[in-house]
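Structural overview for review
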Amino acid sequence: MPVSVSDEKASETKASEQAQASDKVSALVEVLRNRSYVEIRQRMYDSPPGSPWWTACRAELDLRNGQQFGEAALAMSRTSDKMRASLQHFEQLADTLQQSTKDVADLLRGTQEAGRRLEIAVYVTIGITLVQFFNLIFEIFRKHR
């Protein structure tokens, strides 16, 4: 089936219109580059869907949202790295605390054992003192008789 001249002109005209619309949208996106979100959204809502202004606003908002998403992902990655480092530091601190607690417990056991030995030594000293005291009393009574 041969292509007619009118079909070729129609497709060329359509392609030309699409190129012009694309150029117009690109130019409008550049105009919107320095505008606020509120202004861009308002212009988008004021324009009918599919219009060059609506398309340009949508493209600019998508671009900004993509940039914000990228920045947020980077910030999350950095925060995750910091949290990982903090977790490792806390694990080291927990290990140190556990070792210190173990050392203190060992010292307390040693102190408890030393306390028991001291208690026995005090009882022995008291016993020896009592024996010597009774021996002294016995010697005093023996000399008086």
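Above this text is the structure in question.
So, here's what we can say about the structure. (Residues numbered from 1 in each chain as written. Predicted model: local features only at pLDDT ≥ 70, side-chain atom pairs only at ≥ 80, totals over all residues. Heavy atoms only, no water.)

Regarding the side chain of Ser 47
Stated precisely, the cut-off is as follows: Helix and strand assignments follow DSSP, with helices taken as H or I runs no shorter than four residues and strands as E runs no shorter than two, numbered in order from the N terminus. We call two N or O atoms a polar contact when they sit within 3.5 Å, provided that within protein one can donate a hydrogen and the other can accept it, with sequence-adjacent residues counted only if both atoms are side-chain atoms. Contact between two residues is taken to exist if any of their heavy atoms lie within 4.5 Å; hydrogens are not considered.
By secondary structure assignment, the location of Ser 47 is in the loop between α2 (37-46) and α3 (52-144). Within the structure, the side chain of Ser 47 is placed 2.9 Å from the backbone oxygen of Arg 43, a separation counted as a polar contact. If we skip the residues at most four places from it in the chain, Ser 47 touches Trp 53 and Trp 54.

Things to note about the packing of α2 against α3
Quick reminder of the rule: Angular values range over 0 to 180 degrees, each being the angle between N-to-C directions of two axes fitted as lines to C-alpha atoms, with helices fitted over their stretch in contact. With the far helix as reference, a near helix turned anticlockwise by less than a right angle produces a left-handed crossing, and one turned clockwise produces a right-handed crossing. Any residue that is not Ala, Val, Leu, Ile, Met, Phe, Trp, Tyr, Cys, Pro, Asp, Glu, Lys or Arg is counted as polar, Gly included; the first ten are nonpolar and the last four charged.
Following both chains from N to C, one finds α2 and α3 inclined at 145°, their axes separated by 8 Å at the closest point. As for how α2 packs across α3, the hand of that crossing is left-handed. Across the interface between the two elements, Tyr 37, Ile 40, Arg 41, Arg 43 and Met 44 of α2 pack against Trp 53, Trp 54, Cys 57, Arg 58, Glu 60, Leu 61, Arg 64, Asn 65 and Gln 68 of α3. Looking at the contact of α2 with α3 residue by residue, the class counts come to 7 nonpolar, 2 polar and 5 charged.

Details of the packing of aromatic side chains
Geometry of an aromatic ring pair is reported as the spacing of the ring centres plus the angle between the planes. Test applied: For this analysis, a ring pair means two rings from Phe, Tyr or Trp (six-membered ring only for Trp) whose centres lie within 6.5 Å, classed as stacked if their planes differ by under 30 degrees, edge-to-face if by over 60, and tilted for the remaining angles. Note on criteria: charge over ring means Lys NZ or Arg CZ within 6 Å of the ring centre, with the direction from the centre no more than 35 degrees off the ring normal.
Per the stated rule, a full pass over the model turns up 1 aromatic pair. Positioned above the aromatic ring of Trp 53, the side-chain terminus of Arg 43 is 4.2 Å from the ring centre. The positively charged end of Arg 64 is found above the aromatic ring belonging to Tyr 37, 5.3 Å away from the centroid.

Topic: the nonpolar core
When a protein is soluble and globular, its nonpolar side chains tend to lie buried together. The test is simple: By convention a nonpolar core is built from buried Ala, Val, Leu, Ile, Met, Phe, Trp, Tyr and Cys residues, the set being connected through side-chain atoms within 4.5 Å. Only protein chains enter the accessibility calculation, which uses a 1.4 Å probe. A residue is then buried if its area is under 20% of the maximum for its type, exposed if over 50%, and partly exposed in between.
With 9 residues, the main nonpolar core is built from Val 25, Leu 28, Val 29, Leu 32, Ile 40, Met 44, Ala 56, Cys 57 and Leu 61. Elements supplying a minimum of two residues to this core: α1 (5-32), α2 and α3. A total of 4 residues in this core trace back to one element, the largest contributor, which is α1. Residue contacts for Ala 56: discarding those within four places in its chain leaves Val 25, Leu 28, Val 29 and Leu 32.

Focus on the environment of Thr 125
Structurally, Thr 125 is set in helix α3. By relative accessible area, which is 46% here, Thr 125 ends up partly exposed. Within polar-contact distance, the side chain of Thr 125 engages the backbone oxygen of Ala 121 at 2.7 Å.

Notes on the pattern of salt bridges
The cut-off we apply is this: A carboxyl oxygen of Asp or Glu within 4 Å of a side-chain nitrogen of Lys or Arg is what we treat as a salt bridge.
Under the definition given, this model contains 8 salt bridges. A salt bridge links Glu 30 to Arg 33; its shortest N-O distance comes to 3.7 Å. The exposed category is assigned to Glu 30, whose relative accessible area is 52%. A salt bridge links Asp 62 to Arg 58; the shortest N-O distance between them is 3.5 Å. Placement of both Asp 62 and Arg 58 in helix α3 is noted, with a separation of 4 residues, approximately one turn of the helix. Each of Glu 30, Arg 33, Glu 60 and Arg 64 takes part in a single network of salt bridges with overlapping partners.

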